[in-house]
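For reference, the chains in residue letters:
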Amino acid sequence: MPNPLYSIALAMTPGLGCRSCRQLLEIYRDPEEIFNMDHRTLKEIFGTHDTIIESIYAKTMLPRAEEELNWTEKHKIKVLFCTDPDYPQRLNRSDCPDTPVTLYMKGDCDLNQKRIISIVGTRRATEYGKDMTARLVAQLKGEDILIVSGLAYGIDGASHRAALANALPTVGVLGHGLDQIYPSQHRTLAKEMIYHDGALLTEYPSQTKINPGYFPARNRIIAALSDATIVVEAAEKGGALITAGIAGSYHRDVFAVPGRVFDSYSKGCNNLIACNRANILRSMDDLFYMLGWEKKNADTKTHANTQQELFTKLNADEQAIYNQLHDTPNLTMQEIAEKTNISLPKIANALLNMELNNQIKCLPGKIYKCC
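How each quantity is defined
- Residues numbered from 1 in each chain as written.
- Predicted model: local features only at pLDDT ≥ 70, side-chain atom pairs only at ≥ 80, totals over all residues.
- Heavy atoms only, no water.
- Helix = DSSP H or I, 4+ residues; strand = E, 2+ residues; numbered from the N terminus.
- Rg over C-alpha atoms; globule rule 2.2 N^0.38 Å.
- Buried < 20%, exposed > 50% of the residue type's maximum accessible area, 1.4 Å probe, protein only.
- Contact = heavy atoms within 4.5 Å.
- Areas by Shrake-Rupley, 256 points an atom, 1.4 Å probe, with all protein chains shown as cover.
- Lys, Arg positive; Asp, Glu negative; His and termini not counted.
- Charge placed at Lys NZ, Arg CZ, Asp CG, Glu CD.
- Phe/Tyr/Trp six-rings, centres within 6.5 Å; stacked < 30°, edge-to-face > 60°.
- Lys NZ or Arg CZ within 6 Å of the ring centre and 35° of its normal.
- Salt bridge = Lys/Arg side-chain N within 4 Å of Asp/Glu carboxyl O.
- Pairing = 2+ DSSP bridges.
- Right-handed = clockwise from strand over helix to strand, strands pointing away.

> What am I meant to see in the overall build of the protein chain here?
Within the protein chain, the secondary structure is distributed over 17 helices and twelve strands. Here the C-alpha radius of gyration of the protein chain, 22 Å, is about what a compact globule of 371 residues would show, namely 21 Å. Considered along the principal axes of its C-alpha atoms, the protein chain spans approximately 65 × 50 × 40 Å. Within the protein chain, buried positions represent 51% of all 371 residues. Once local pairs closer than 6 in sequence are excluded, the contacts in the protein chain between residues at least 24 apart make up 71%. When the accessible area of the protein chain is evaluated, it comes to approximately 18000 Å², of which 50% is carbon and sulfur surface. Side-chain charges of the protein chain comprise 41 positive and 43 negative groups, with the mean position of each set lying 5 Å from the other.

> How should the packing of aromatic side chains be read in this particular structure?
With the rule as written, the count across this model stands at four aromatic pairs. Ring centres of Tyr182 and Phe215 lie 5.7 Å apart, and the angle between their planes is 50°; on these two criteria the pair is classed as tilted. Highlighted residues: Tyr182 in the loop between β5 (170-173) and α9 (187-195) and Phe215 in helix α10 (residues 214-225), separated in sequence by 33 residues. Given a relative accessible area of 45%, Tyr182 falls into the partly exposed group. Residue classification places Phe215 among the buried positions, given a relative accessible area of 11%. Ring centres of Tyr204 and Tyr214 lie 4.5 Å apart, and the angle between their planes is 25°; on these two criteria the pair is classed as stacked. Of this pair, Tyr204 sits in the loop between β6 (199-202) and α10 while Tyr214 sits in helix α10, and the two are ten residues apart along the sequence. Residue placement shows Lys295 over the ring face of Phe288; its charged tip is 5.4 Å from the ring centre.

> Looking at this structure, how should I read the pattern of salt bridges?
Note on pairing: side chains with opposite charge can pair once their charged atoms come close. For the coordinates displayed, the defined rule picks out 16 salt bridges. Between Lys78 and Asp108 there is a salt bridge, with the nearest N and O atoms lying 3.4 Å from each other. Here the residue Lys78 occupies a position in strand β1 (residues 78-81), and Asp108 occupies one in the loop between β2 (102-107) and β3 (116-120), the gap between them amounting to 30 residues. Exposure remark for Lys78: the relative accessible area of 33% places this residue in the partly exposed category.

> Whenever I open this one, the pairing of strand β8 (residues 253-256) confuses me. Can you help?
Residues of β8 alternate between two faces, with Asp253 and Phe255 on one and Val254 and Ala256 on the opposite face, all of them buried. Sheet analysis places strand β7 (residues 228-231) next to β8, joined by four bridges and oriented parallel. Looking at the pairing, Thr229 lines up with Val254 of β8. Handedness of the crossover joining β7 and β8 through helix α11 (residues 239-249): right-handed. Of the strand pairs in this sheet, β8 and strand β9 (residues 279-280) are connected by two bridges, and their pairing is parallel. Residue pairing for β9: Phe255 is matched across the bridge by Asn279. In this region the chain leaves β8, passes through helix α12 (residues 267-274) and returns to the parallel neighbour β9; the handedness of that crossover is right-handed.

This is the structure in C-alpha cells:
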C-alpha cells in the first residue's frame, strides 16, 4: 500500500489536476516512485509544465503533506488513495476520469457497499420537496442502501435527516476540508451521521478556505459514488442539475421527482423528465424496477416469472442483444453490432422495440443497458 504521505503530496501538487494524476498513476502505481524521479525523467513526462516538475523534484509539498497527515491521525480521519481497497471503487471506473485520487473520510462507512444512491435538490426546498424526500427515503427502511448527499441546506439536509430517521447510513460529501462544517448549522447533523455508521467525505485537505467554486466540483463525487442520482426539487439552473448532468455523463441512472408545472422549484425536475435526461420517480418502486434491484422481502418466485415473461417476448436478435447488454452494459449501437454480428438496421429496429417494452434503456450519448 502506498505511503499516504506521498499520496497526499501528489494530490496537493500545484498544476497537477485529477485527470493528469490518474493518467500518471496508470503507469506509476506508487506516488513515492514519482517523487524519487530525477529531473530529466520528470521533464520527459511533463514537458513544459515547469511548475509541476519543480514541485515534484524539490518535494516542495512534502512538509505540507506531513502536516496534513499528522492532522488526520490526530482527528481519526482516514486518508483514502485510489489504489487502496477502502477507496470507493465506483470512482475508479473508466467513465469517471476526473475524480480525485485522494479522499479524506471521517467515519467508518463502507463506500463500496452494493447499493448506493444520491439524493440532491435545491437549497430552498419547499414543504412539498422536504415531504417527498422524507416519504421516499422512508420507503427504503430495512434495505441495505447507503444514501449520499451534500450536507447543504434544503433537500440535502432533508435527505440526511430522513436517512437517520429510517436507520439508513448516510454520507455527506463536502466542498471543503474536514476541519470545518458548512453550513455551521449542520454540525449536529454531521455528528449524528458519523455516529450512526455514516461519514463525511471530501477531496480537500484541512485549512482549505470556503470557495463557491468547490461546491459544484464536489458534485462529481456525489454522482460517481452512487448507482443512481435522484433529483427531488430543482429550479431551471442550479447545483442539483449539475449533479444530474455529471451522473448522466458517468453513465449512472438519473431520476427526477415530478412537480406542479408552474412551481419554480419543480421546473428543473420536470425539464429533466421531459427531455428524457431522467427517469420519472413516483415512488422507490420505480428506482428498484429500473435498477433491477430486489427488495429484501421481494417474492423471488414472482420475480422469476417476470423474467421468464420478458425473455418469451424477445426474438432471436433481441435475445442476443439483451444477453450482450446483460454481460457488458453501456454499449453503443456500433459496439453491439460488432459483438453480436447483427446488422445495424436490424439492431436499430430491435433496440427501438426493446426500449418501448422497457427491456432496455437508452442513456445519454446513445448508450444502451438492460433495465
